[in-house]
Amino acid sequence: MEKLLAILREINPDVNFETEEVLIDGGILDSFDIVTLVAEIDDNFGVQIPAEALTAENFNSARALYDLIRRLEDA
């Protein structure tokens, strides 16, 4: 989780990613941020996020995103 939080902080250092739960719905992360994030996750975790997983539900919080990464790692 710490690696993911570090990636998120690089994208937007002004957000408390440990508590924020509306990253997409609240407009905190935009489409460019998502593209950057998906590439960083691939580079750092070796996980490719499929298009159907690019949902607000999976990206609204660091915890939800980390859970997605874990599910994809186990697949």
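The preceding data block contains the structure.
Only a predicted model underlies this, so the values are computations on that prediction, with no experimental measurement involved.

1. What about the pattern of salt bridges?
Next, step 1: Considering all chains together, one arrives at two salt bridges under this definition.
Next, step 2: Its salt-bridge partner being Glu18, residue Arg9 comes within 3.0 Å of it at the nearest N-O pair.
Next, step 3: Take Arg9: its relative accessible area is 35%, and that puts it in the partly exposed class.
Next, step 4: We note a salt bridge from Asp67 to Arg63, for which the minimum N-O separation is 3.6 Å.

2. Remarks on helix α4 (residues 62-74)
Next, step 1: In a regular helix each residue adds 1.5 Å, so 13 residues correspond to 18 Å; α4 covers 18 Å between its end C-alpha atoms and thus fits that length.
Next, step 2: Where α4 is concerned, the buried positions are Ala62, Ala64, Leu65, Tyr66, Leu68 and Ile69.
Next, step 3: Residues of α4 that are buried in the fold lie against α1 (2-11), α2 (31-45) and α3 (56-59).

3. Considering the packing of α1 against α2
Next, step 1: As a packed pair, α1 and α2 sit with axes 10 Å apart at the nearest point and diverge in direction by 145°. In this structure, α1 meets α2 at a crossing whose hand is right-handed. In this structure, α1 contributes Lys3, Leu4, Ile7, Leu8 and Ile11 to the contact, and α2 contributes Asp33, Thr36, Leu37, Glu40, Ile41, Asn44 and Phe45.
Next, step 2: Classifying every residue of the contact of α1 with α2 by side-chain character gives seven nonpolar, two polar and three charged.

4. Describing the nonpolar core
Next, step 1: Counting 21 residues, the largest nonpolar core has Leu4, Phe17, Leu37, Ile41 and Leu65 as its most contacted members.
Next, step 2: Counting residues per element, the ones that place at least two in this core are α1, α2 and α4.
Next, step 3: The biggest single contributor to this core is α4, with five residues.

5. Brief notes about the side chain of Asn58
Next, step 1: With respect to the helices, strands and loops of the structure, Asn58 is situated in helix α3.
Next, step 2: Looking at Asn58, the relative accessible area reads 12%, which means it is buried.
Next, step 3: Engagement of the side chain of Asn58 in a polar contact is seen with the side chain of Arg71, the distance being 3.4 Å.
Next, step 4: Residue contacts for Asn58: discarding those within four places in its chain leaves Ala53, Ala64, Leu65, Leu68 and Arg71.

Conventions and cut-offs
- Residues numbered from 1 in each chain as written.
- Predicted model: local features only at pLDDT ≥ 70, side-chain atom pairs only at ≥ 80, totals over all residues.
- Heavy atoms only, no water.
- Salt bridge = Lys/Arg side-chain N within 4 Å of Asp/Glu carboxyl O.
- Buried < 20%, exposed > 50% of the residue type's maximum accessible area, 1.4 Å probe, protein only.
- Helix = DSSP H or I, 4+ residues; strand = E, 2+ residues; numbered from the N terminus.
- Expected span 1.5 Å × (residues − 1).
- Contact = heavy atoms within 4.5 Å.
- Axes fitted to C-alpha atoms, helices over the stretch in contact; angles between N-to-C directions.
- Left-handed = near helix turned anticlockwise from the far one by under 90°.
- Nonpolar A, V, L, I, M, F, W, Y, C, P; charged D, E, K, R; others polar.
- Core = buried A, V, L, I, M, F, W, Y, C linked by side-chain atoms within 4.5 Å.
- Polar contact = N/O pair within 3.5 Å; in protein donor to acceptor, adjacent residues only side chain to side chain.

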